[in-house]
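Working through the structure, step by step
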Amino acid sequence: SQKIEQNSEALNIQEGKTATLTCNYTNYSPAYLQWYRQDPGRGPVFLLLIRENEKEKRKERLKVTFDTTLKQSLFHITASQPADSATYLCALDMGSGNTPLVFGKGTRLSVIA
Amino acid sequence: DTAVSQTPKYLVTQMGNDKSIKCEQNLGHDTMYWYKQDSKKFLKIMFSYNNKELIINETVPNRFSPKSPDKAHLNLHINSLELGDSAVYFCASSQRGHYNEQFFGPGTRLTVL
């Protein structure tokens, strides 16, 4: 079965730096890979989606890359701010419509002022 | 306007009881989900309904029974609650054909004593 790993449980960085979070998967490449943000006591919120034929996607200070050879996605937050502190989840979507999203356990990011 | 709402937000109950969690979405989506997030923050799909039809039923004890009276509602009934059922349960919705981007509710924290 598909496995997904976010290999840092927690990441601390200094305000203003770029945070880079990693998502690795095994087996088949998903059709899409999604990133979500989850704040304590709240549900995940969708941030970005990247398709298997896309190398990079950007949205404001966020950038996602997708390398199907390495079976890896990187999630970058540039000019990080304390308000970016949250848990970030990646999720694989095989794209069939009847297969569920498979979520990673998340990386808890703390941006220190 | 709340997109995906769940009630109750907190549920504390004794082992052996039966309880229900309700979910409603006003986004006009055709697909709804129940996820369980355990103490290790691992978010896992339980059920998915598309247009009131069950399409995903992961390995979940049959004490859990979802019910979708219409496209906008998906309720979760749990019989004979056990200690291991303690978790946060999230409802989510999405629209097929829109890359499966999920919109999550605020979660219901269930504590079984």
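Predicted model only: the values in this text are computed from it and were never measured. Position numbers for residues start from 1 in each chain and track the written sequence from start to end. For this description, chains carry letters from A and ligands carry numbers from 1, given in the order in which they are written. Local features in this predicted model are restricted to residues of pLDDT 70 or higher, and side-chain atom pairs are both shown and tallied only at a pLDDT of 80 or more, whereas totals for entire chains, interfaces and linings draw on every residue. Water and hydrogen atoms play no part in the side-chain values, which are based on all heavy atoms of the structure.

The next point concerns the state of the cysteines. Residue and element names in this part refer to chain B. Disulfide assignment relies on a single distance test, namely cysteine sulfur atoms paired within 2.5 Å. Counted under the stated rule, the structure contains two disulfides over all chains. Paired through a disulfide, Cys-23 and Cys-91 show a sulfur-sulfur distance of 1.9 Å. Between Cys-23 and Cys-91, the S-S dihedral sits near -75°, and the bridge is therefore left-handed. In this pair, Cys-23 is assigned in strand S3 (residues 19-25) and Cys-91 in strand S9 (residues 87-94), connecting sequence segments 68 residues apart. Exposure class is identical for Cys-23 and Cys-91. Each is buried. A helix here means a DSSP run of H or I that spans at least four residues, while a strand means a run of E at least two residues long, and both kinds are numbered starting from the N terminus. A 1.4 Å probe rolled over the protein chains alone gives each residue an accessible area, and that area as a share of the maximum for its type sets the label: buried under 20%, exposed over 50%, partly exposed in between.

Here we take up the interface of chain B and chain A. Throughout, a residue-residue contact means that at least one pair of heavy atoms, one from each residue, lies within 4.5 Å. At the interface, 19 residues of chain B touch 20 residues of chain A. A quick way to say it: buried area is the sum, across both parts, of accessible area lost when two parts are put together, with a 1.4 Å probe. Summed over both sides, the interface of chain B with chain A buries roughly 1,600 Å², with 57% coming from carbon and sulfur. Each polar contact in these results corresponds to two N or O atoms within 3.5 Å; when the atoms are within protein, one needs to be able to donate a hydrogen and the other to accept it, and residues that are neighboring in sequence are counted only if both atoms are side-chain atoms. Linking chain B with chain A are three residue pairs in polar contact (both at pLDDT 80 or more), by the criterion used here. Of all the elements in the fold, those that place two or more residues in the side of chain B that touches chain A are strand S4 (31-37), strand S5 (43-50) and strand S6 (53-57) of chain B. Taken together, the residues of the side of chain B that touches chain A break down into 10 nonpolar, four polar and five charged. Note that Gly is not counted as nonpolar here; it falls among the polar residues with everything else outside the nonpolar set of Ala, Val, Leu, Ile, Met, Phe, Trp, Tyr, Cys and Pro and the charged set of Asp, Glu, Lys and Arg.

What follows concerns a positive patch on the surface. Residues with no salt bridge and a relative accessible area higher than 30% make up the patches, which join like charges within 9 Å and nonpolar side chains (Val, Leu, Ile, Met, Phe, Trp, Tyr) within 5 Å. The protein chains shown are the only cover counted for residues, whose accessible areas, like all others here, come from Shrake-Rupley with a 1.4 Å probe. The term salt bridge refers to a pairing of a side-chain nitrogen on Lys or Arg with a carboxyl oxygen on Asp or Glu at a separation within 4 Å. The positive count covers Lys and Arg only, the negative count covers Asp and Glu only, and His and the chain ends enter neither. Note on charges: their place is set at NZ of Lys, CZ of Arg, CG of Asp or CD of Glu. A cluster of basic side chains, namely A:Arg42, B:Lys9, B:Lys41 and B:Arg109, defines a positive patch on the protein surface. Following the sequence through the fold, B:Lys9 ends up in the loop between strand S1 (4-7) and strand S2 (10-13). You can call B:Lys9 partly exposed: its relative accessible area is 37%.

Residue and element names in this part refer to chain A. Looking at the element boundaries, Arg-108 is found in strand S11 (residues 107-112). For Arg-108, a relative accessible area of 46% translates into the label partly exposed. A sequence separation of 100 residues divides Arg-108 from Ser-8, and the C-alpha atoms of the two residues are 8.0 Å apart. Every residue in contact with Arg-108, bar those within four places of it in the chain, is listed here: Glu-9, Ala-10, Leu-11, Ala-86 and Thr-87.

Before going further, it helps to spend a moment on the sheet that holds S1(B). Residues and elements named next belong to chain B. Spatially, the four strands line up as an open sheet ordered S1-S3-S8-S7, and their pairing is antiparallel. At either end of the open sheet lies a strand with only one pairing partner, and these are S1 and strand S7 (64-70). Strand-to-strand twist across the sheet, computed as the mean angle between neighbouring axes with direction ignored, equals 20°. Strand pairing is assigned whenever DSSP detects at least two bridges linking the two strands. Bridging between S1 and S3 involves four bridges; their strand directions are antiparallel. The residue bridging Val-4 from the neighbouring strand is Gln-25, located in S3. Fitted lines through C-alpha atoms serve as axes, helices being fitted only where they are in contact, and the angles separating the N-to-C directions of these axes extend from 0 to 180 degrees.

Our focus in this paragraph is the side chain of A:Ser73. Residue and element names in this part refer to chain A. Structurally, Ser-73 is set in strand S8 (residues 72-77). There is a polar contact of 3.1 Å between the side chain of Ser-73 and the side chain of Trp-35. Separated by 2.8 Å, the side chain of Ser-73 and the backbone oxygen of Thr-65 make a polar contact. Apart from the residues within four sequence positions on either side, Ser-73 is in contact with Leu-21, Thr-22, Cys-23, Leu-33, Trp-35, Val-64, Thr-65 and Phe-66.

Turning our attention to the environment of A:Arg42. Secondary-structure assignment places A:Arg42 in the loop between strand S4 (32-38) and strand S5 (45-51). When its relative accessible area of 56% is taken as the criterion, A:Arg42 is described as exposed. Once you skip the residues sitting within four places of it in the chain, A:Arg42 turns out to touch B:Phe90 and B:Pro106.

What follows deals with the pattern of salt bridges. Residue and element names in this part refer to chain A. The full count for this structure, using the stated rule, is seven salt bridges over all chains. In this structure, the salt-bridge partner of Arg-37 is Asp-39, at a minimum N-O distance of 3.1 Å. In this structure Arg-37 comes out as buried when scored by relative accessible area, which is 19%. For Asp-39, a relative accessible area of 24% translates into the label partly exposed. Where Glu-54 meets Lys-57, a salt bridge forms, and the shortest distance between an N and an O atom there is 3.7 Å.

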